[in-house]
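Coordinate analysis (summary)
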Amino acid sequence: MIKLIGSKLRLYNTLPRCFHYSSSTPSDSLFLRISRAGDPNFPVTRLLDQWVEEGRDIKHSELQFFVKQLRVYRRFNHALQVSEWMSNERNLHFVSGDIAIRLDLIAKVRGLDQAEKYFSSISDTSRDIKVYGALLNCYAQHNSVEKAEAIMQKIKEYASKHAIDLVVSYNVLLKLYARIGQYEKLDALMQEMKEKNIYNSVKLTTWLNVYVITNDIDGMEKVLAQMEADPLATVDCSSYISMLTALSNLHDIDGAERILEEWESKNTCFDIRIPNVMVGAYCKNGMLEKAEAYVLRLSKRKGELDGSIWDRLARGYYKCNDMDKAVETMKKAILVGKQGWRPYPFTLAACVEHVKDKGDSELALEILRICRERGTFCATTYDRLLSYVHGEISETNALNLMRGDYHLRTDGSAG
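Residues numbered from 1 in each chain as written. Predicted model: local features only at pLDDT ≥ 70, side-chain atom pairs only at ≥ 80, totals over all residues. Heavy atoms only, no water.

**Observations regarding the environment of Y406**
The condition is simple: Strands here are runs of E lasting at least two residues and helices are runs of H or I lasting at least four, both read from the DSSP assignment and numbered beginning at the N terminus. Only protein chains enter the calculation, and the probe is 1.4 Å; a residue is then buried if its accessible area is under 20% of its type maximum, exposed if over 50%, and partly exposed in between. What makes two residues a contact is simply this: any of their non-hydrogen atoms within 4.5 Å.
Tracing the backbone shows Y406 in helix α22 (residues 398-406). Looking at Y406, the relative accessible area reads 10%, which means it is buried. Y406 sits 64 residues away from R342 along the chain, and the two C-alpha atoms are 8.2 Å apart. Filtering out sequence-adjacent residues up to four positions away, Y406 remains in contact with R342, P343, P345, L348 and T376.

Pasting the structure below:
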């Protein structure tokens, strides 16, 4: 239904979402201490203080790295603790990027009111486009449309000097309008971007995402045609993800496979997110054999795969009620996943429930042990799940016991 992107387009190389940290660096053991402190209620500042008391130093860049990685793993409370320790205990000078991240973390951990209070404390000289952009993100995350629009006007004051940041801010507002269904404002903003010639591949990808969210097939085809016709257009990994997601939603697996082949023929930088979307598309459409074959082919080409792709496959087995395969695949996902990485909570909880109900306590204990060693659970959650598997805790389930580690609300959604 949607034409394949032509050969005119250039693939924009993006780095895969992973991090590398050498074990030879002095702060490596400190990072490991922090990464293993999975309990969100544990004060990681205690670990930082202890490190300093041992006579060791911590560089500003290392603390920034800790904050970045904790955010990646959604450990927002710990990331905020490190950020505040940087200024309160070390008196480090905060650049605008540090301030913007602090603002984002406060909104996530303490709420929008506290984020606004922190913003009010920031001096005018420190309020640059990054800080205003972070506040815009806060308002967008909380669906606060009027406040987001007011901040957007502030951001436009920096337009002439910060064109790239302006495009990002426009994209935030576009996604907000799409998410809450204000399509008239969405169309008006897209028209404004056209009139101002605010153009790059990020904009086109965002428009494609908007049409995916709204299931606007005509809109998707128009954007893809524009990307195909424009010699300056680039297709990055996010574009491929958007196209695959759109085709999956349309149940057009043949089209998705053609997009995948296009990416595989041109990519010079492997990005696991694209295979993840393809595996998800197969599973969503009940094509587990195709998902299995693709993962097997990929593992032969690339070697050991990221835990996330096995997690996607396990989710497919779970949705199709093949729980024995789900358990086997989930176990593999945790074993090969990065330290501190967490799989899809509903699949993991279902796997724990399945082996418990089967009476296979040995396998249940093995899964919990692996999760504890890999940092999936904090010690408290591990102990509770252990008691649950042994039948010592009743009137609950595995998902409820995992709720704190995954920041799940009572309705099961992520906080």
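**Focus: the confidence of the model for the chain**
Where we set the bar: Residue-level confidence of the predictor is summarised by pLDDT, bounded by 0 at the bottom and 100 at the top.
On average, the chain scores 84 in pLDDT, and the residues at 70 or more come to 87%. Confidence drops under pLDDT 50 across residues 1-27; counting only partners more than four residues distant or on other chains, this segment forms 74 contacts.

**Considering helix α3 (residues 60-72)**
Note the cut-off: Here the expected length of a helix is defined as 1.5 Å per residue gap, with one fewer gap than residues.
Taking 1.5 Å of rise per residue, the 13 residues of α3 would be expected to cover 18 Å, and the 19 Å separating its terminal C-alpha atoms lies within 8% of that figure. Restricting attention to buried positions, one finds in α3 the residues E62, L63, F65, F66, V67, Q69 and L70. At the exit of α3 stands R74, carrying a positive phi of roughly 60°.

**Observations regarding the packing of aromatic side chains**
Selection rule: Ring pairs are drawn from Phe, Tyr and Trp, using the six-membered ring of Trp, whenever the two centres fall within 6.5 Å, and their geometry is named by plane angle: stacked under 30 degrees, edge-to-face over 60, tilted for the rest.
Enumeration over the complete set of coordinates arrives at 6 aromatic pairs. Between Y344 and F346, the aromatic rings sit 5.3 Å apart at their centres with planes inclined by 55°, giving tilted as the arrangement. Judged by its relative accessible area of 23%, Y344 is partly exposed. An aromatic cluster is present here, built from F31, F65 and F66 joined pairwise through their rings.

**Let's talk about the packing of helix α15 (residues 273-284) against helix α16 (residues 288-302)**
In plain terms, the rule: To get an axis, fit a line to the C-alpha atoms, keeping to the stretch in contact for a helix; angles then go from 0 to 180 degrees between the N-to-C directions. Between 65 and 115 degrees an angle is taken as roughly perpendicular, under 35 as roughly parallel, over 145 as roughly antiparallel, and anywhere else as oblique. Two helices crossing with the near one rotated counterclockwise from the far one by less than a right angle form a left-handed crossing, whereas a clockwise rotation gives a right-handed crossing. Residue polarity follows a fixed list, in which Ala, Val, Leu, Ile, Met, Phe, Trp, Tyr, Cys and Pro are nonpolar, Asp, Glu, Lys and Arg are charged, and the others, Gly among them, are polar.
Closest axis-to-axis distance for the α15/α16 pair is 7 Å, and the angle between their directions is 155°. Accordingly, the angle class assigned to the pair α15 and α16 is roughly antiparallel. α16 is crossed by α15, and the crossing has left-handed handedness. Between α15 and α16, the contacting residues are P275, M278, V279, Y282 and C283 on the first element and L288, K290, A291, Y294, V295 and L298 on the second. Among the residues making up the contact of α15 with α16, the classes are represented as 10 nonpolar, no polar and 1 charged.

**Some details on the pattern of salt bridges**
Stated precisely, the cut-off is as follows: By definition, a salt bridge exists where a carboxyl oxygen of Asp or Glu is found within 4 Å of a side-chain nitrogen of Lys or Arg.
Taken as a whole, this structure holds 20 salt bridges when the rule is applied. Salt-bridge contacts for R297 lead to E264; the nearest nitrogen and oxygen are separated by 3.8 Å. Here E264 lies in helix α14 (residues 253-266) and R297 lies in helix α16, a separation of 33 residues in the sequence. When its relative accessible area of 21% is taken as the criterion, E264 is described as partly exposed. In this structure, E366 engages K331 in a salt bridge whose closest nitrogen and oxygen atoms are separated by 3.0 Å. Of this pair, E366 sits in helix α20 (residues 361-373) while K331 is found in helix α18 (residues 323-336), placing the two residues 35 residues apart along the sequence. For E366, a relative accessible area of 26% translates into the label partly exposed. The class of K331 is partly exposed, set by a relative accessible area of 24%. Through salt bridges that share partners, R33, E54 and R56 make up one connected network.

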